2 protein chains.
Amino acid sequence: MDSEFKVTPWEVTGDIDYDLLQEKFGTSPIDAALVARLSKYGEVHPMIKRGIFYSHRDMNIILDEYDKGNRFMLYTGRGPSGNTHLGHMMPWMFNKWIQDTFDVPMYFQMTDDEKFLFKDMTLHETRNMAYENALDFIALGFNPEKTKIILNTKNIDKLYPIALKVAKKVTFSTAKAVFGFDNSTNLGQIFFTTMQSAPAFLASEEAGKPVPVLIPCGIDQDPHFRVTRDVAPGLGYPKPSLVCCKMFPGLSGADKMSSSDENATIYTTDSPKAVKKKVGRAFTGGCVTVEEQRANGGKPEICAVFKYNYYMFEKDDRKLDEMAEKCRNGEILCGECKMCLTEKINTFLEEHQAKREDAKEVIDSMTFDDFKW
Amino acid sequence: MDSEFKVTPWEVTGDIDYDLLQEKFGTSPIDAALVARLSKYGEVHPMIKRGIFYSHRDMNIILDEYDKGNRFMLYTGRGPSGNTHLGHMMPWMFNKWIQDTFDVPMYFQMTDDEKFLFKDMTLHETRNMAYENALDFIALGFNPEKTKIILNTKNIDKLYPIALKVAKKVTFSTAKAVFGFDNSTNLGQIFFTTMQSAPAFLASEEAGKPVPVLIPCGIDQDPHFRVTRDVAPGLGYPKPSLVCCKMFPGLSGADKMSSSDENATIYTTDSPKAVKKKVGRAFTGGCVTVEEQRANGGKPEICAVFKYNYYMFEKDDRKLDEMAEKCRNGEILCGECKMCLTEKINTFLEEHQAKREDAKEVIDSMTFDDFKW
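Treat the numbers as computed from the prediction; the structure is a model and nothing was measured.

Q: What exactly am I supposed to notice about the packing of aromatic side chains here?
A: The relation between two aromatic rings is expressed through the spacing of the ring centres and the mutual angle of the planes. Under the defined criterion, the tally for this structure stands at 56 aromatic pairs over all chains. With a centroid separation of 3.7 Å and 15° between ring planes, the pair formed by F53 of chain A and F94 of chain A is classed as stacked. A residue pair is termed long-range when its members are at least 10 positions apart, and F53 of chain A in strand β4 (residues 53-57) and F94 of chain A in helix α5 (residues 86-102) qualify at 41 residues. Each of the two residues, F53 of chain A as well as F94 of chain A, counts as buried. Aromatic pair F248 of chain B and Y311 of chain B: ring centres 5.7 Å apart, planes at 90°, arrangement edge-to-face. Linking F248 of chain B in the loop between β9 (241-245) and α12 (272-280) with Y311 of chain B in helix α14 (residues 304-313), this pair joins segments that are 63 residues apart in sequence. The pair formed by F248 of chain B and Y311 of chain B is uniform in burial state, with each residue classed as buried. One aromatic cluster in this structure is built from F248, F306, Y308, Y310 and Y311 of chain A. Directly above the ring of F116 of chain B sits K168 of chain A, whose terminal nitrogen or CZ lies 4.2 Å from the centroid.

Q: I keep staring at the side chain of R356 of chain A and nothing clicks. Help me out?
A: All names here are of chain A. Structurally, R356 is set in helix α16 (residues 334-362). Residue R356 is classed as buried on the basis of its relative accessible area of 7%. A distance of 2.9 Å separates polar atoms of two side chains, one belonging to R356 and the other to E132. Dropping the residues within four chain positions of it, R356 is found in contact with E132, L135, D136, A139, T268 and T269.

Q: Is there a simple way to explain the nonpolar core in this structure?
A: One recurring pattern in soluble globular proteins: nonpolar side chains tend to sit buried together. Formed by 104 residues in total, the largest nonpolar core has its most connected members in L21 of chain A together with L21 of chain B. The residues touching L21 of chain A, leaving out its near neighbours within four places in the chain, are F5, V7, I16, Y54 and I219 of chain A. Counting 67 residues, the second largest nonpolar core, distinct from the first, contains I48, F53, F94 and F306 of chain A.

Q: Can you walk me through the relation of the copies chain B and chain A in this structure?
A: These two copies of the chain differ by a rotation about an axis and a displacement along the same axis. Take chain B, turn it by 180°, move it 0.0 Å along the axis, and it overlays chain A with an RMSD of 0.0 Å. In short, the pair behaves as if placed about a two-fold rotation axis. When the interface residues of chain B are mapped onto chain A, 100% of them are again interface residues, pointing to one common binding face.

Q: Mind showing me how you'd approach the pattern of salt bridges here?
A: Opposite charge on two side chains lets them pair, provided their charged atoms get close. For the structure shown, the criterion picks out 48 salt bridges over all chains. Of the charged contacts, one joins D64 of chain B and R37 of chain B as a salt bridge, the two residues approaching to 2.8 Å between their closest N and O atoms. On the criterion of sequence distance, the pair formed by D64 of chain B in helix α4 (residues 59-67) and R37 of chain B in helix α2 (residues 32-38) is long-range, its members being 27 residues apart. You can call D64 of chain B partly exposed: its relative accessible area is 36%. Classification of R37 of chain B as buried rests on a relative accessible area of 17%. R356 of chain B is paired through a salt bridge with E132 of chain B; the nearest N and O atoms lie 3.0 Å apart. Of this pair, R356 of chain B sits in helix α16 (residues 334-362) while E132 of chain B is found in helix α7 (residues 123-139), placing the two residues 224 residues apart along the sequence. Residue classification places E132 of chain B among the partly exposed positions, given a relative accessible area of 30%. Through salt bridges that share partners, R37, D64 and D67 of chain A make up one connected network.

Here is what the cut-offs are and how they apply
Residues numbered from 1 in each chain as written. Chains lettered and ligands numbered in written order. Predicted model: local features only at pLDDT ≥ 70, side-chain atom pairs only at ≥ 80, totals over all residues. Heavy atoms only, no water. Phe/Tyr/Trp six-rings, centres within 6.5 Å; stacked < 30°, edge-to-face > 60°. Helix = DSSP H or I, 4+ residues; strand = E, 2+ residues; numbered from the N terminus. Buried < 20%, exposed > 50% of the residue type's maximum accessible area, 1.4 Å probe, protein only. Lys NZ or Arg CZ within 6 Å of the ring centre and 35° of its normal. Polar contact = N/O pair within 3.5 Å; in protein donor to acceptor, adjacent residues only side chain to side chain. Contact = heavy atoms within 4.5 Å. Core = buried A, V, L, I, M, F, W, Y, C linked by side-chain atoms within 4.5 Å. Least-squares fit on C-alpha atoms with pLDDT ≥ 70 in both. Salt bridge = Lys/Arg side-chain N within 4 Å of Asp/Glu carboxyl O.

Right under this line is the structure:
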């Protein structure tokens, strides 16, 4: 294993040591006490129980406020740089669980400006991609009455004044330390973090009073919100709370599913045939020959197929344990597991793709400030 | 004379050597050939003849285009950090002359975001100040059919996508070199120059084709537009042309009238009494005693009162020469000159203040994209 790893909002490389990352970032583990507290509001989500959402900042404050009758605002987002894949959907599914459990309103920010600034894409392209990504988000069933989609370039009139307030409080020195910027960083990239802070304060601005905010997101986004939290008190806003997840693994065995490796990435618009092919090529914990595997068993802990079940496709803990057990004992072969996962993914995608079509009917009613795409 | 001077969009200190500044910035002198060419379009403005508007970038290209029937867009602006003083009005008067002479449309940008970022002011304060400053601008008689006032935070939806395109092309390294930024510069200050570039490309964006742009402004603003011009070709926009003026002097004898020295600054809203008091205290080129001055004469070249006539209040070259001559010969004393200037300023301000009141009736019809203050 490579002990070097790097996690920023724009780059995830190496084998991530999530405990070390938590320590570096200064977030807190989701411990047994917090899980117990969460269980009071309903069945705890598997992603919490399995340590996928594993770290947080001030989650207790959000629950304290909620218990006092102060409903929080949920905020997450997406950088629309390409088609939605399962890795993007994972934290959204968790957000959906939070919304349902606590019956709270939500902002979903699409940073078309960010992806224009960081990628070789036009604003037209990032905006179109935002539309496509938003369909996937909506398809997960967020409450259309309580969920507003923010598109940065379309909602800039509301976001910019807040971004300016953040910008005035953050020096280049801080941005360098937090994001690793240097002299070659462009002016938009340097400014951008303020735009990601803005929705965290938007609910307070709109309500004219402090509104608690909870941000469920990938741990790679924590640097942005560290800045957000640092400036909040000086601007008279509450510090947003965070709950952070690990990166969704790639089918190749990589720590993070990435659009740059298309064959190891399942997109929400993939055909059943494409899914079959991709899962068929997945990295597993199996042996080279059937005989060896029957004799020695496989290693689910390094198997991408097992991880997919663990992260998303097998919600039943008992069945998951059974799967691992059978693998270790050589009772089940990789081919069977792949076939089984393919079926699960295709069943999910078939339903999702239908809901994704339906989303086109409601997307216009779910935009913040009623912007038109 | 102090040989050290500094001119940036946010700081002007020391005794400015305008020839050296022109050389440093890389702008071109307005030479006899250009003055002759300008005279074909009408009586050349005194600020050109007297070398107040003294430097330019690609002014000939603007005239070439105009001669071909390609009307240019005029663009200038104001950072609304305080009440309007005569130093702000000077380049606006020149802009008015350009608009009248060439019958061209105009953008007037008010950078309320900039002043929020660079000064200890709230956005509410800079926006209110923008309104006050705009009244002075309108009072100068710009064509209400052809002149649109941009307020950055109100027109951000149109400006931001252009600013992003600029931002993607400019590195922190460039911003450091051009503006002298360092690690303590805040993220908004770093991004801001892109917002000042945006109106230079706005007419092309709105028209869907390249529109030539002329920017008459103080030479201290040239660094912004150097960046604008550098990125223009890569974005498919024409490089804006510039015509730059020297700083309007302070009554204290300083090279630049500054709001930080209120007693040496004439505001457009000053009462006749206040003007009399301020001009009365002006730095002159006179001698200590009447006897000495009668005998040795004064020095109009260092006299703030003379400069006020030169820059703005005595348009007749013959009368100006006479004034200098009489001063040098000891025929006229500082008190007389001050009284005479006070009268000129108060006559101007009385009329201006009436027009400023009238401006309140039309200001809403002159906003870009019909924003409401």
